[in-house]
Amino acid sequence: MENISDNMPLSNIRNLLEIIADACDRFQMISLNRQLEVARALLEENPPIDVAVMGQFKAGKSSFLNSLLDQNVLPVGAIPVTTAITRLQYGEKERALVRHFNGRTTEVSLNDIAEFTSEAKNPGNDKNVAIVDIELPSMQKYSGLRLVDTPGLGSVYKYHQSTSEHWLPAVGTALLAVSADRPLSEHDLELIRELTSHTPNIILLLTKADILSPDQQKEVVSFFQDTLQRELHRALPVYLYSNKSNTEEYKRRVEEDIFKTICANRDSEFSRILNHKVRSLSQNCLSYLRIALNASMQADLNRDNLHTQIINEKVNESLMREELGIISREHQHQTRPLIEAYLEQFYSPLTKKVTRKLQGDITSWKGNLWKLSRHYETWVAEILSEEMRLISKNEHENFLGTLKKAHAGFSRSLEAFCKFLGDNIENVLGVKLAEFDWKIDVIEPEHPDISFAKSFDIHLDLIWFLIPMFIFRRIFEWHFIKGVPKEVEINLSRLAYQWEKSVNNSIEAMRTQAINYIHEELSTIEALLSRTQGQTDDIKQLIAQIEKAFENL
Ligand SMILES: Nc1nc2c(ncn2[C@@H]2O[C@H](COP(=O)(O)OP(=O)(O)OP(=O)(O)O)[C@@H](O)[C@H]2O)c(=O)[nH]1
Ligand SMILES: [Mg+2]
């Protein structure tokens, strides 16, 4: 047997089927599974061509096959009969194989096939028959084919119809049996439409021709042609048949024109049929993918819209950064003046207190000017450090004004942000976000280190050895006492400076906290919006792959 790859590149078809299988899998296009399964089986198994007799119930399908083979193999009757797909093919001896849905196959006598293929003996297909394969030596003349008898359509037995429809994609060449007493119904046209996607070969068989006069036969045939042209815009070959009269002449024609022709060109016919199925499957797959593509592009558009609606100008991260920066700077500028203004009240009492204490202590200090100066420095540093520590400890609550205002400012800003974001999400997605957990902690500033380094403005002590203390001591004492107000002022100012640094660091830390919060919140929402990323690119790629493989067929 000639290899089918001589007529078309086998690997191209296999490649195309793999792409389609992948697409079906990814997009759950289960309605293509059967077509795909059939095409794959034909490709891999290269079986005989299935020439199927199909059509309405009681059209005379089974009778036609019996007559063709001159053998009453298939059960026939006046009421709906055929209940299972029955394939007839060449075999050295007569036998019948009953294939069940569960995979079991049993061999039965040819005389017993009605037990499995007729409605009367196997009602509703109780015996779970998938296919009956009959082998006949008389089929030798048609060795490249299988003749397939199918259950009739349109009868009260819906099961017959669904069995045939399920098998439909496997059809190689279709003989559509139309009984002379019911010439071409809407159901027949519908069947032709369906068959069109599975086979390039559809032939009409006008059965029971004996019930029409020669004139009526001509009339019916031209009625067929006109109807097909009008309804389907195509012409199909029409053959007459009867097992009652003129049978040999009818048989000769169908044998010569149909069966022998197919047998003589079996391999090219097979290729043509497979090619037709693969093309049709590709077209179906492409049209589904185009639907998916449109849906996906629509979803992308919606998602972009969602994004711009949710992350709009009111919940813009860089604008929020700017706003928080402004709040932060505004309050940081105020920190120093506020603390200094508050500390002013301590200046006079502290000056008086320290002066009085110095006046009491200084009289007991001994030594020359150099010693006296060192003593004074140590004394001032200790006393003022202690005083500053006390003020810091008792009054620091009063230094935190800008910290609290900044906290309130950040909180308001963040609250507004969360509300806009929450509203946007609710408006656009109809989902209420869980309560925002956006509280900014008030970061208590650290207590600054207030043991200041000393720097005193006394140069006279460098020439202490020239100065007789018994003359000048009172003057020096007075000089030291006069210096106290300035020391107090310097120390208060330092205290204000230390607290300013501490408070402003805390404001900065709160700003960072707020920025981080906004960043995290927006990143999460962005990630959620883009996680449902569309499949547009995937689908486009698949469509391109299928179109390319299709061109190579
Ligand atoms: N007059 C006439 N009657 C026929 C001819 N062929 C079949 N019949 C009759 O048509 C009826 C149906 O025949 P079947 O062969 O069982 O028809 P079918 O299409 O296989 O029917 P289902 O299997 O039920 O779909 C029977 O009563 C046959 O005797 C024919 O050529 N001429
Ligand atoms: Mg039948």
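For every chain, the first residue of its written sequence is number 1, and the numbers climb from 1 along that sequence. Just so you know, chain letters begin at A and ligand numbers begin at 1, following the order they were written in. Whole-chain, interface and lining totals are the exception, using all residues; otherwise, since this is a predicted model, local features are given only for residues with pLDDT of at least 70 and side-chain atom pairs are given and counted only at 80 or more. The side-chain numbers reported here are obtained from all heavy atoms of the structure, hydrogens and water having been left aside.

Taken across its 6 residues, strand β2 (residues 85-90) has 5 buried, putting it largely inside the fold. Bridge count between β2 and strand β5 (residues 129-136): 6 bridges; the pairing is parallel. Each bridged residue has a counterpart across the sheet, and for Ile85 the counterpart in β5 is Ile131. Both β2 and strand β6 (residues 145-149) contribute to a ladder of 3 bridges, which runs antiparallel. Bridge assignment links Thr86 to a residue of β6, and that residue is Asp149. Burial status follows relative accessibility: with a 1.4 Å probe on protein chains alone, a residue under 20% of its type maximum counts as buried, one over 50% as exposed, and anything between as partly exposed. The numbering of helices and of strands both runs from the N terminus, where a helix is a DSSP run of H or I of at least 4 residues and a strand a run of E of at least 2. A pair of strands is labelled paired if DSSP reports no fewer than 2 bridges between them.

By nonpolar core is meant a set of buried Ala, Val, Leu, Ile, Met, Phe, Trp, Tyr and Cys residues that side-chain atoms within 4.5 Å join together. Ranked by size, the top nonpolar core spans 101 residues in total, and within it Phe64, Ile134, Leu147, Phe259 and Leu289 carry the most contacts. Domains are outlined according to an automatic or database domain assignment. Viewed by domain, this core spans two of them, domain 1 (1-46 + 267-304) and domain 2 (47-264), each represented by three or more residues. Pairs of residues are marked as contacts when any of their non-hydrogen atoms sit within 4.5 Å. Other than its neighbours up to four places away in sequence, Phe259 contacts Val51, Phe64, Leu68, Tyr142, Leu145, Leu147, Leu175 and Val254.

As a further point, take the domain arrangement of the protein chain. Taken as a whole, the protein chain is organised into domain 1 (1-46 + 267-304), domain 2 (47-264) and domain 3 (311-538). Taking the mean C-alpha position of each, domain 1 and domain 2 sit 28 Å from one another. Opposite the 14 residues of domain 1 that make contact, domain 2 presents 17 residues. Put simply, buried area is how much 1.4 Å-probe accessible surface two parts lose in total, over both of them, once they are put together. Buried surface at the junction of domain 1 and domain 2, both sides included, amounts to about 1300 Å², of which 59% is carbon and sulfur. Of all residues in domain 1, the largest losses of buried area upon contact with domain 2 belong to Arg34, Ile273 and His276, amounting jointly to 40% of the total for that side.

We call a residue near a molecule or strand as soon as one heavy atom of that residue lies within 4 Å of the molecule or strand. Inspection of the region around ligand 1 gives 20 residues, with Lys58, Ser63, Val81, Thr82 and Asp210 positioned closest. The definition of a polar contact used here is a pair of N or O atoms within 3.5 Å, where within protein one atom must be able to donate a hydrogen and the other to accept one, and adjacent residues in sequence count solely through side-chain atom pairs. In this structure, Gly152 approaches ligand 1 through a main-chain N or O atom, which is 3.2 Å from an oxygen atom. Of the residues in the shell around ligand 1, the class split is 7 nonpolar, 8 polar and 5 charged. Amino acid classes used here: Ala, Val, Leu, Ile, Met, Phe, Trp, Tyr, Cys and Pro are nonpolar; Asp, Glu, Lys and Arg are charged; the rest, including Gly, are polar.

Pairing of aromatic rings covers Phe, Tyr and Trp, the last counted by its six-membered ring, and requires centre-to-centre distances within 6.5 Å; plane angles under 30 degrees mean stacked, over 60 mean edge-to-face, and any other angle means tilted. Applying the stated rule across the entire model yields 9 aromatic pairs. Where Tyr142 meets Phe259, the ring centres are 5.3 Å apart and the plane angle is 40°; that geometry is what we call tilted. Taken together, the residues span a long stretch of sequence, with Tyr142 in the loop between β5 and β6 and Phe259 in helix α8 (residues 247-264) at a distance of 117 residues. By the burial criterion, Tyr142 is buried, and Phe259 matches it. Cluster of aromatic residues (ring-pair linked, three or more members): Tyr342, Phe346, Phe399 and Trp499.

In this section: the coordination of the magnesium ion (ligand 2). Think of the donor list as every N, O and S atom within 2.8 Å of the metal, or within 3.2 Å for Na, K and Ca; water never makes the list, so a site can look incomplete. The protein atoms that coordinate the magnesium ion (ligand 2) are Ser62 (OG) and Thr82 (OG1), at distances spanning 2.0 Å. Here the residue Ser62 occupies a position in helix α3 (residues 61-69), and Thr82 occupies one in the loop between α3 and β2, the gap between them amounting to 20 residues.

Its identity as a non-glycine residue notwithstanding, Asn128 has a phi of 50°, on the positive side. When you line up the elements, Asn128 lands in the loop between α4 (114-117) and β5. Judged by relative accessible area, Asn128 falls into the partly exposed class, the value being 45%. A positive phi angle, close to 55°, is found at Lys208, a residue other than glycine. Among the secondary structure elements, Lys208 is positioned in the loop between β8 (201-207) and α7 (214-232).

Close approach of charged atoms allows side chains with opposite charge to pair. Here, a salt bridge means any Lys or Arg side-chain nitrogen found within 4 Å of an Asp or Glu carboxyl oxygen. One pass over the full model with this rule turns up 37 salt bridges. Put simply, Lys357 and Asp361 hold a salt bridge, and the shortest N to O gap is 3.8 Å. With Lys357 and Asp361 both in helix α10 (residues 317-362) and 4 residues apart, the pair spans about one turn of that helix. Of the residues examined, Lys357 reaches a relative accessible area of 40% and is grouped as partly exposed. Overall, Asp361 belongs to the partly exposed group, its relative accessible area being 25%. For the salt bridge of Glu508 with Arg511, the shortest nitrogen-to-oxygen distance reads 2.9 Å. Taken as a pair, Glu508 and Arg511 lie in helix α13 (residues 469-531) at a separation of 3 residues, close to a single helical turn. Assessed through its relative accessible area of 30%, Glu508 is described here as partly exposed. Via salt bridges that share partners, Lys93, Arg95, Glu107 and Glu135 belong to a single interconnected network.

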